[in-house]
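# Structural overview
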Amino acid sequence: MKPLTQKLWAKQNQHEGDRRRLFRAVADEVGAKNALYAGSFVDVSASFVFANVTYVDSNKPAAKFFADQSGVEEIIGSQKPRSVANSEFRFLGADYTEDLDLNDDAFDLLVSLYAGFVSEHCTRYLKVGGTLLVNSSHGDVAMAALDERYLLRAVVKKTSADGYLIDSRDLHQYLIPKKSQEITAELLHELGRGIAYTRSPFAYLFQRMQ
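One structure accompanies this document, and this report is about it. The residue count restarts for each chain, going from 1 along the sequence in the order it is written. Local features in this predicted model are restricted to residues of pLDDT 70 or higher, and side-chain atom pairs are both shown and tallied only at a pLDDT of 80 or more, whereas totals for entire chains, interfaces and linings draw on every residue. Remark: hydrogens and water are excluded; side-chain values derive from all non-hydrogen atoms of the structure.

### Thoughts on the pairing of strand β2 (residues 52–56)
Burial within β2 is extensive, with four of its five residues counted as buried. Strands pair, by our definition, only if DSSP identifies at least two bridges between them. Under the DSSP-based scheme used, a helix requires at least four consecutive residues in state H or I and a strand at least two consecutive residues in state E, with every element numbered from the N terminus. Relative to β2, strand β1 (residues 34–38) runs parallel, the two being bridged by five bridges. Considered in β2, the bridge of N34 is made with N52. Relative to strand β3 (residues 88–92), β2 runs parallel, the two sharing five bridges. Buried means the residue's accessible area, taken with a 1.4 Å probe over protein chains only, is under 20% of the maximum for its type, while exposed means over 50%, and partly exposed covers the values in between.

The structure is reproduced here in structure tokens:
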């Protein structure tokens, strides 16, 4: 493993195992096998859980990280269970807001964590019936909530034991802005950040309905 690969992963994984626990909880809930992780940087922990993951990022250090294929394989191999022993990953050094070298309706899961308006640009690659995992950073939860193709199915809560719990109860109590205002795509682009809600779980699971 190259020193840069090790350094970048150590920084990404400073809360050791946190993202693996997140993706494990999501996988247990939705049963996805292949995932598209847009704006992933070097977070390869999705490959600890899902059989096939496509990572997308235009960041140059991320490209250098994934160029060390044997180093990345070493990281993944040290963490993934036998159940995903034949897993595969792919990295696209690209801007996800532009057309990607991917088929439409190809993925079971679309991941949007701290990466901007992923849902706005990448829903086309998610299968109907597939799941969007999204947090409120940069406003993408609010963007997904505006999208008629999506239906909120559950929220992801952090537990006191540093794990994650998927909760589908009382969903009508979520996505209620603290501030009374009309939420539009134009407003979200202008703000460039998330909307403050009366309830704030770690993330949300939306299902693509159309």
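### Considering the packing of aromatic side chains
Aromatic rings from Phe, Tyr and Trp, with only the six-membered ring used for Trp, were paired whenever their centres fell within 6.5 Å, and each pair was classed as stacked if the ring planes differed by under 30 degrees, edge-to-face if by over 60, and tilted otherwise. Across all of its chains, the model carries ten aromatic pairs by this definition. Pairing F23 with Y37 gives two aromatic rings, centres 5.9 Å apart and planes at 70°, and the pair type is edge-to-face. Here F23, found in helix α2 (residues 18–30), pairs with Y37, found in strand β1; they are 14 residues apart in sequence, far enough to count as distant. Three or more aromatic residues joined by ring pairs form one cluster here, namely F23, Y37, F50, Y55, F65, F66, F89 and F91. Any Lys NZ or Arg CZ that is within 6 Å of a ring centre and within 35 degrees of that ring's normal is treated as a charge sitting over the ring. The side chain of R199 reaches across the aromatic face of Y174, ending 5.6 Å from its centre.

### Overview of helix α3 (residues 60–67)
All of the buried residues along α3 are A62, F65 and F66. What you see down the axis of α3 is that its buried residues fit within an arc of 90°, all on one side. Turned more than 90 degrees away from the buried face of α3, the exposed residues are K60, K64 and A67. Looking at the buried positions of α3, the neighbouring elements they touch are α1 (3–12), β2, α4 (69–77) and β3. One side-chain oxygen of the residue at the start of α3 lies 3.0 Å from the amide nitrogen of A62, identifying that residue as N59. This arc is built from the directions going out from the helix axis to the C-beta atoms. Contacts: residue pairs with any heavy atoms within 4.5 Å of one another. The definition of a polar contact used here is a pair of N or O atoms within 3.5 Å, where within protein one atom must be able to donate a hydrogen and the other to accept one, and adjacent residues in sequence count solely through side-chain atom pairs.

### Structural notes on unusual backbone geometry
Where the residue is not glycine, phi is negative for most of them; where a peptide bond is considered, it is trans in most cases. Backbone geometry places Y114, a non-glycine residue, at a positive phi of 55°. Phi is positive for H138, close to 65°, though the residue is something other than glycine. Positionally, H138 belongs in the loop between β5 (126–134) and α6 (140–146). With relative accessibility at 34%, the residue H138 sits in the partly exposed group.

### Thoughts on the side chain of T123
Note on placement: T123 falls in the loop between α5 (118–122) and β5. Within the structure, the side chain of T123 is placed 2.6 Å from the side chain of Y150, a separation counted as a polar contact. Leaving out residues up to four positions away in the same chain, T123 has contacts with L110, V118, D147, R149, Y150 and R208.

### Remarks on the pattern of salt bridges
Any two side chains of opposite charge can pair if their charged atoms end up close together. Any carboxyl oxygen of Asp or Glu within 4 Å of a side-chain nitrogen of Lys or Arg constitutes a salt bridge here. Applying the stated criterion across every chain, the model contains eleven salt bridges. In this structure, the salt-bridge partner of K158 is D18, at a minimum N-O distance of 3.3 Å. With a gap of 140 residues between them, K158 in strand β6 (residues 150–158) and D18 in helix α2 connect regions that are remote in the sequence. Residue D18 is classed as buried on the basis of its relative accessible area of 13%. The partner of D104 in a salt bridge is R124, and the shortest N-O contact between them spans 2.9 Å. Here D104 is found in the loop between β3 and β4 (107–112), whereas its partner R124 is found in the loop between α5 and β5, with 20 residues between them in sequence. Overlapping salt bridges bring together D99, D104 and R124 as one network.

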